[in-house]
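Chains, contacts and geometry: an overview
Here are the chains, one letter per residue:
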Amino acid sequence: MRNTIIVMVVLTLGFATGYSAFSTNITLNAKGNIKEKSRIIRSWTSDSVDDFHNSQYRENIVTITFLDSTTLPSNVENSWDVSADGKGGVIAYVKMNEEDHTKYDLFIGAKNGVIANSNSSHVFYGFSNLNTIYFNNNYDTSDAINMYAMFAGGNNITELDLSTFNTRKVNNMVGIFSAWDDIKNTWGNRSIKKIIFGDDFDTSHIDNMQDMFAGQPLTSIDLSKFNTSNVTYMYHMFNGCNHLVELDLSTFDTNKVYNMREIFAGCPELKTIYVSNSFTINNVDNSINMFIGDTKLVGGNGTIYDSNHIDKEYARIDTSSTPGYFTLKQ
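Residues numbered from 1 in each chain as written. Predicted model: local features only at pLDDT ≥ 70, side-chain atom pairs only at ≥ 80, totals over all residues. Heavy atoms only, no water.

A sheet is described by the order of its strands in space; here five strands give the open sequence S4-S5-S6-S3-S8, paired in mixed fashion. Of all the strands in the sheet, just strand S4 (78–81) and strand S8 (132–134) have a single pairing partner and so form its edges. Recorded for the sheet is a direction-independent mean angle of 15° between the axes of neighbouring strands. (Pairing = 2+ DSSP bridges. Helix = DSSP H or I, 4+ residues; strand = E, 2+ residues; numbered from the N terminus. Axes fitted to C-alpha atoms, helices over the stretch in contact; angles between N-to-C directions.)

Rendered as structure tokens:
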């Protein structure tokens, strides 16, 4: 559904002779460009236990679907008002999954689609059996500011499509995809092999990327749209990505980063890290165990992993005169 708004502007300048009233018609065509407060979903924390975040549902929901309606079907098992203002503009409900009657499908809807809360941390945190999220262009993230641990805690999602996400206002993505479960103090299900980012997935306001992808079995990841020019903290960013073979960081600017501790640690299949000359360690003062356990890592000039060089000493482009673990990508 698209909203068409006709705006009539009439301005009369009566204080100056020779000026007459004028008007103009402005037509805006966009879905979700009017930010009705009634469409904003509420916020949650890691230990929330109300609505579908209680243990019964959090551990047994297998799909989440976003809708542009609040209409409840007849076979709903449970439903909740999850609007930020508590006035019923955003409704969530669960139905029994047709293939497995011990599991549930979750639906979240608002007229013209759901608007993400400015605090969108922990929204999907700890949904251990969740395998699919259908955003359907009905989840507007353009006003979100905080996405801390948004998908963290472990799940069964293998491919996460965020191509419709607009993150231009977001300044916190710490642990957004991390499999670490803060409640159980251990790794949750580690399943995400592919994440799809769109043109509006903007990281230019992010200064902390701690644990961003930690523990996920990514086989590859396209980070070409990432802007890291303001990032200062990359602790554990790719820690435990034990299926990652190749990592292209050639668009990364790390001039402001001061912490890279264990950024690549525990990636035993990682063979190649591509960088440009903008990947610098000039300000890095903590690089403890930066490459520990990356036994298959080879630099662009053939330098192989050496357990005696696992900090920032070899965090450089590999050449004949300066051994390192990085491969230059022009």
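Now for unusual backbone geometry. Despite not being glycine, alanine 149 shows a phi value in the positive range, around 50°. Take alanine 149: it is sitting in the loop between strand S9 (139–140) and strand S10 (159–162). Phi at glutamate 262 is positive, roughly 55°, even though this residue is not glycine. Tracing the sequence through the fold places glutamate 262 in the loop between strand S14 (246–248) and strand S15 (272–275). Residue classification places glutamate 262 among the buried positions, given a relative accessible area of 15%. (Buried < 20%, exposed > 50% of the residue type's maximum accessible area, 1.4 Å probe, protein only.)

Tallied over the full model, the rule gives 35 aromatic pairs. Ring geometry for phenylalanine 264 against phenylalanine 326: centres 6.3 Å apart, planes inclined by 80°, an arrangement best described as edge-to-face. Of this pair, phenylalanine 264 sits in the loop between S14 and S15 while phenylalanine 326 sits in strand S16 (residues 326–328), and the two are 62 residues apart along the sequence. Taking relative accessible area as the criterion, phenylalanine 326 reaches 0% and is therefore assigned buried. (Phe/Tyr/Trp six-rings, centres within 6.5 Å; stacked < 30°, edge-to-face > 60°.)

Before going further, it helps to spend a moment on the sheet that holds S15. Spatial strand order, S14-S15-S16: three strands in an open sheet with parallel pairing. At either margin of the open sheet sits one strand with a lone partner, and together these are S14 and S16. On average, adjacent strands in this sheet sit at an angle of 25° to one another, irrespective of strand direction. In the sheet, S14 pairs with S15 via three bridges, with the strands oriented parallel.

Averaged over all residues, the pLDDT of the protein chain equals 91, while 89% of them reach at least 70. Every residue in residues 1–33 scores below 50 in pLDDT, and together they form 44 contacts with partners more than four places removed in sequence or on other chains. (pLDDT = per-residue confidence, 0-100. Contact = heavy atoms within 4.5 Å.)

To continue, consider the side chain of threonine 203. Looking at the secondary structure, you find threonine 203 in the loop between strand S13 (194–197) and S14. For threonine 203, a relative accessible area of 0% corresponds to the buried category. A distance of 2.7 Å separates a polar atom in the side chain of threonine 203 from the backbone nitrogen of asparagine 227. Setting aside residues up to four positions removed in sequence, threonine 203 forms contacts with Met173, Met209, Phe226 and Asn227. (Polar contact = N/O pair within 3.5 Å; in protein donor to acceptor, adjacent residues only side chain to side chain.)

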